[in-house]
Amino acid sequence: FQDNLIGSLLAIFGHLVISIALNLQKYSHIRLATYKDSRAYFKTKTWWLGLFLVILGETGVFSSYAFAPMSLIVPLSAVSLIASSIIGIIFIKEKWRAKEFLRRYILSFIGCGLAVIGTYLLITFGPNSHEKMTGENIVKHLVSWPFLLYMLVEILAFCFLLYYYKQKNANYMIIILLLVALLGSTTVVTVKALAGMIMVSIQGSMQLGYPIFYIMFVCMVATAIAQASFLAQAFQLYDSALIASINYILSTSLAISAGAVFYIDFRNEDALHLCMFALGCLIAFMGVFFITRSRKKTKPFEPYVAINSMPGVVNMHDHGSTIQPDFGNSFSYGALQSNDSLSEIYMPATLPVVTEEAPSSSPPYKILEHDKND
């Protein structure tokens, strides 16, 4: 339990510091844009302080895997969402009355409370299996038939989802985030192995000479890069708050499954601990969902230009109607969709045709005769 507590505290500290660091870097960008500062963001002290804190937080999270089981450390990433929510409320610039403030952030308060309760249950009833991460033990787990079967199912599922995403253009959020979760489960398995081998090496038994260490390192880097690429594509298509909650739920569930299969985290646990750990995960999931649910949604793109959006223009469209009437839910701009049932008032106007008369035989003007005296 002492090792679990050390690993949990390191993970909580790391995620808290990462959340503060990312908000500092965001503040640096906003400050430059607000004061129209021409300096690059990497020339500000605030941004470099954020980068230092990111490295410090990631080091803490990485070290936590060397002390506690993977299935316990992974769900604690909810701390970063809790911290971001609290930081957003503390540093809010608008002035709200008490009733408006509570109404606006009631879901955030409920979500933070649930996430804290879930985190407490996870730490208290988490798995308590501890094994030295030597090269021999990792290779033994890697070639075990439960993990080989799990990896076969995971590879087939990944290829199936990737085929539909790339070939069938199925850009559904659930497909992209499932790809991210499958890659993330492999990433945390390799992180646990690397952190454990480094810790054993520090204790006196060198493990860096085993080829499995470098294989795990390459797998960690490759899966992390691919995971970041899919996440970037998801953020371009869907709302970031919804992605944060769903990605946390899917990634945590698959990571716990991978830890239970690869490292056999729950081999010595009784039914009570398993049920309370599952309850803690469920409560943490609900808390994260409520936290992200309270965030503002971005306004959708409007495919037309409204006259009333132009200040100082007074005309018949000031009640919010568009320049162009919308027929058939068409998103075309500048031309009406062809429709035979339209009224004649929407038909194109025609200019009158003027026919020219045939020239007469008489001359167009009269010629006067003049003599020499005139």
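Residues numbered from 1 in each chain as written. Predicted model: local features only at pLDDT ≥ 70, side-chain atom pairs only at ≥ 80, totals over all residues. Heavy atoms only, no water.

### With respect to the nonpolar core
Argument step 1. Within the largest apolar cluster, 40 residues are counted, with the highest numbers of intra-cluster contacts made by Y65, M70, I138, M216, F262 and Y263.
Argument step 2. With seven residues, the single largest contributor to this core is helix α8 (residues 173–202).
Argument step 3. Apart from residues no more than four positions distant in its own chain, Y65 is found in contact with M70, I73, V74, V188, V191, K192 and A195. (Core = buried A, V, L, I, M, F, W, Y, C linked by side-chain atoms within 4.5 Å. Buried < 20%, exposed > 50% of the residue type's maximum accessible area, 1.4 Å probe, protein only. Helix = DSSP H or I, 4+ residues; strand = E, 2+ residues; numbered from the N terminus. Contact = heavy atoms within 4.5 Å.)

### Points about the packing of aromatic side chains
Argument step 1. One pass over the full model with this rule turns up 10 aromatic pairs.
Argument step 2. Geometrically, the ring pair formed by Y165 and F230 is edge-to-face, given 6.0 Å between the ring centres and 65° between the ring planes. With Y165 in helix α7 (residues 145–166) and F230 in helix α9 (residues 211–237), the pair connects residues that are 65 residues apart, well separated along the chain.
Argument step 3. The class for F230 is buried, based on a relative accessible area of 9%.
Argument step 4. Measuring from centroid to centroid gives 6.0 Å for F289 and F290, while their planes differ by 55°, and the two rings are tilted.
Argument step 5. Residue class for F289 comes out partly exposed when judged on its relative accessible area of 36%.
Argument step 6. Chaining the aromatic ring pairs together yields one cluster made of F147, F262 and Y263. (Phe/Tyr/Trp six-rings, centres within 6.5 Å; stacked < 30°, edge-to-face > 60°.)

### Digging into the environment of M220
Argument step 1. With respect to the helices and strands, the residue M220 is situated in helix α9.
Argument step 2. Distance in space between the C-alpha atoms of M220 and V191 is 6.7 Å, their sequence separation being 29 residues.
Argument step 3. With near-sequence residues (within four places) excluded, M220 lies in contact with T187, T190, V191 and L194.

### Here's the deal with the confidence of the model for the protein chain
Argument step 1. Mean pLDDT for the protein chain: 78, with 74% of residues reaching 70 or above.
Argument step 2. Scored below 50 in pLDDT, residues 298–347 shows 30 contacts in the model against residues more than four places distant or in partner chains. (pLDDT = per-residue confidence, 0-100.)

### Here we look at a nonpolar patch on the surface
Argument step 1. On the surface, a cluster of nonpolar side chains totalling about 580 Å² of accessible area is made up of W145, L149, L152, V153 and L156.
Argument step 2. On the secondary structure map, L156 appears in helix α7.
Argument step 3. A relative accessible area of 55% places L156 in the exposed class. (Patch = residues over 30% accessible without salt bridge, like charges linked within 9 Å, V, L, I, M, F, W, Y side chains within 5 Å. Areas by Shrake-Rupley, 256 points an atom, 1.4 Å probe, with all protein chains shown as cover. Salt bridge = Lys/Arg side-chain N within 4 Å of Asp/Glu carboxyl O.)

### Description of the side chain of S245
Argument step 1. Examined against the element boundaries, S245 turns out to sit in helix α10 (residues 240–262).
Argument step 2. Other than its neighbours up to four places away in sequence, S245 contacts V288, F289 and T292.

### Re the environment of I155
Argument step 1. Checked against the element boundaries, I155 lands in helix α7.
Argument step 2. A relative accessible area of 45% places I155 in the partly exposed class.
Argument step 3. Note: C-alpha distance between I155 and L182 (27 residues apart in sequence) is 8.6 Å.

### With respect to unusual backbone geometry
Argument step 1. With a phi close to 50°, I264 is a non-glycine residue in the positive phi region.
Argument step 2. Structurally, the position occupied by I264 is in the loop between α10 and α11 (271–293).
Argument step 3. Exposure remark for I264: the relative accessible area of 33% places this residue in the partly exposed category.

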